[in-house]
Amino acid sequence: MEFRTIIEPFRIQSVAPLKMTTAQHRREAVAAAGYNLFNLHAEDVLIDLLTDSGTGAMSRDQWAAIQHGDESYAGSPSFDIFRTAVQDLFPFKHVIPTHQGRAAEKILFTVLGGSDKTIPSNTHFDTTRANIEYTGAEATDLVIAEGRDPASQHPFKGNMDIAALDAYLTRNAGKVPVVMMTITNNSGGGQPVSLGNLREVRAVCDKHGVPLFLDACRFAENAWFIRQREPGQQGRAVADIVRDMAALADGMTMSAKKDPMGNIGGWLALNDDAIAEQCRNLLILTEGFPTYGGLAGRDLEALAQGLKEVVDHDYLRYRIRSTAYLGEALLQSGIPVVQPIGGHAVYLDARALLPHIPPLQYPGQALAVALYEAGGIRGCEIGTVMFGRHPDGSETPAALDLVRLAIPRRTYTQSHIDYVIEVCQQVGANAKALRGYRIVAEPKQLRHFTARFEPVAG
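Criteria and cut-off values
- Residues numbered from 1 in each chain as written.
- Predicted model: local features only at pLDDT ≥ 70, side-chain atom pairs only at ≥ 80, totals over all residues.
- Heavy atoms only, no water.
- Helix = DSSP H or I, 4+ residues; strand = E, 2+ residues; numbered from the N terminus.
- Rg over C-alpha atoms; globule rule 2.2 N^0.38 Å.
- Buried < 20%, exposed > 50% of the residue type's maximum accessible area, 1.4 Å probe, protein only.
- Contact = heavy atoms within 4.5 Å.
- Areas by Shrake-Rupley, 256 points an atom, 1.4 Å probe, with all protein chains shown as cover.
- Lys, Arg positive; Asp, Glu negative; His and termini not counted.
- Charge placed at Lys NZ, Arg CZ, Asp CG, Glu CD.
- Salt bridge = Lys/Arg side-chain N within 4 Å of Asp/Glu carboxyl O.
- Pairing = 2+ DSSP bridges.
- Axes fitted to C-alpha atoms, helices over the stretch in contact; angles between N-to-C directions.
- Expected span 1.5 Å × (residues − 1).
- Polar contact = N/O pair within 3.5 Å; in protein donor to acceptor, adjacent residues only side chain to side chain.

## Re the overall build of the protein chain
Piece 1. Scanning the protein chain for helices and strands turns up 16 helices and 14 strands.
Piece 2. For 458 residues, the compact-globule formula gives about 23 Å, and the C-alpha radius of gyration of the protein chain, at 21 Å, lands near that figure.
Piece 3. By principal-axis analysis of the C-alpha atoms, the protein chain measures approximately 60 × 55 × 45 Å.
Piece 4. With 458 residues in all, the protein chain has 57% of them scored as buried.
Piece 5. Considering only contacts within the protein chain whose residues lie at least 6 apart along the sequence, 72% involve residues at least 24 apart.
Piece 6. Looking at the protein chain as shown, the accessible area adds up to about 18500 Å², and 52% of this sits on carbon and sulfur atoms.
Piece 7. Across the protein chain, 44 positive and 51 negative side-chain charges occur, with their mean positions spaced 2 Å apart.

## Comments concerning the pattern of salt bridges
Piece 1. What the rule picks out here adds up to 28 salt bridges.
Piece 2. Across the salt bridge formed by aspartate 314 and arginine 317, the nearest N and O atoms sit 3.1 Å from each other. Residue aspartate 314 and its partner arginine 317 are both found in helix α12 (residues 313-332); the two are separated by three residues, about one turn of the helix.
Piece 3. Overall, the relative accessible area of 46% leaves aspartate 314 in the partly exposed class.
Piece 4. Across the pair arginine 447 and glutamate 442 runs a salt bridge, and its minimum N-O distance is 3.2 Å.
Piece 5. Through salt bridges that share partners, Asp52, Arg218, Glu221, Asp259, Arg319 and Arg409 make up one connected network.

## Looking at the sheet that holds strand β11 (residues 380-382)
Piece 1. Taken together, three strands build an open sheet; the order of strands is β9-β12-β11 and the sheet is antiparallel. A single partner strand is all that each edge strand has here, and the edge strands are β9 (345-349) and β11. Shown here is a sheet whose adjacent strand axes are inclined to one another by a mean of 35°, direction ignored.
Piece 2. For β11 and strand β12 (residues 402-406), the ladder comprises three bridges, and the chain directions are antiparallel.

## Points about α12
Three- or four-residue spacings in an α-helix give side chains the same orientation, since the helix completes a turn every 3.6 residues.
Piece 1. Between its terminal C-alpha atoms α12 stretches 28 Å, which fits the 28 Å expected from 20 residues at 1.5 Å a residue.
Piece 2. Buried residues in α12 make contact with α8 (219-229), α9 (238-247), α11 (297-309), β9, β12 and α16 (414-429).
Piece 3. Capping the start of α12 is the job of one residue whose side-chain oxygen sits 3.2 Å from the backbone nitrogen of aspartate 314: aspartate 312.
Piece 4. In the stretch just after α12, glycine 334 is the one whose phi turns positive, near 85°.

So this is what it looks like as structure tokens:
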């Protein structure tokens, strides 16, 4: 671009008000929520960066597509439009709609999982790991070493460790029903996977006779990074890069609340007829008929349009650059973040910023609470709270303690992001005064959603 200013490639036609709150109100609100930001009332949040899942703004054309939705229980033409849009980018034989991504995971791992199974990935995210472990299977992360180093400048820190994968499949022969690849790697800072690495993973899977599935929630952002960073990919259409990624896999799970631009929705897609039949039977049991899968026809139409919009180069250029704008400003302020900056979020390195807080006193949670109290910003801990508790009940520090500031698509303007920068700067300047937290109540699984905390006495 000729100019430095990042402009949104859209105009705003409808707005929603934000509730302005005081620091005292926020301190009282987060205390009442048990210092868990998931428990806050959304109206008490000024800038909501908890997640980019289902929180984006739909376009004029998506709202228009909703009016075309056909709500027939079976055989809706809206499903045909949806399936065609999915298969244009991901040409898998079977497309099974679900109400969101974790439902697709639940169905897939119910069919493929079990107590004698183990499923590797570059890095499983929270619901993926939980759905695997719920079946009794083991979830294992095999990301490259650079992916565990927040300061590493490796351009594809989401890549799988090929040698480790080969050894893992050899060691667990007959126990691995599927290899998963998360694109982009959410738990590791929104870092992309290269096309070359996917090809190498495919070769190892073929060697061992194991299928490869994509957790493809942020596929378009991953493809944009490939276009920017991978030799030989510059100048290519993002849609073509997506098709190349899909061609290397046997199936996929998708939360359509991310890159497909939906407020709800997801799907499971695959080529294997026998597995697809088992998955459809579970879909009917838990989600709905195979041509709607827990979604309204209007949702299917909106997602079909969103799949067209997300591979637009003007949109992706704005999306990735505006996220980098936030990350670069924080780095210049001396606030440690995961580098290079990811696509959908900026990840603050809470362990580096708060070295005086031990990992089992949850520095990520401490930083997330401080950001909310200071400026009404809601982020998400990605660290020991999320990943430290194991199925046997033991607890160990996670590989990283991060706070994710996930940016909803087409929702906030640059002035909102400038405000986020100022709040982060203020909290960073007072980092030494922050104290850790302890958990006073938690469920057995996915504790970060509902656990309650209290501050550790100073």
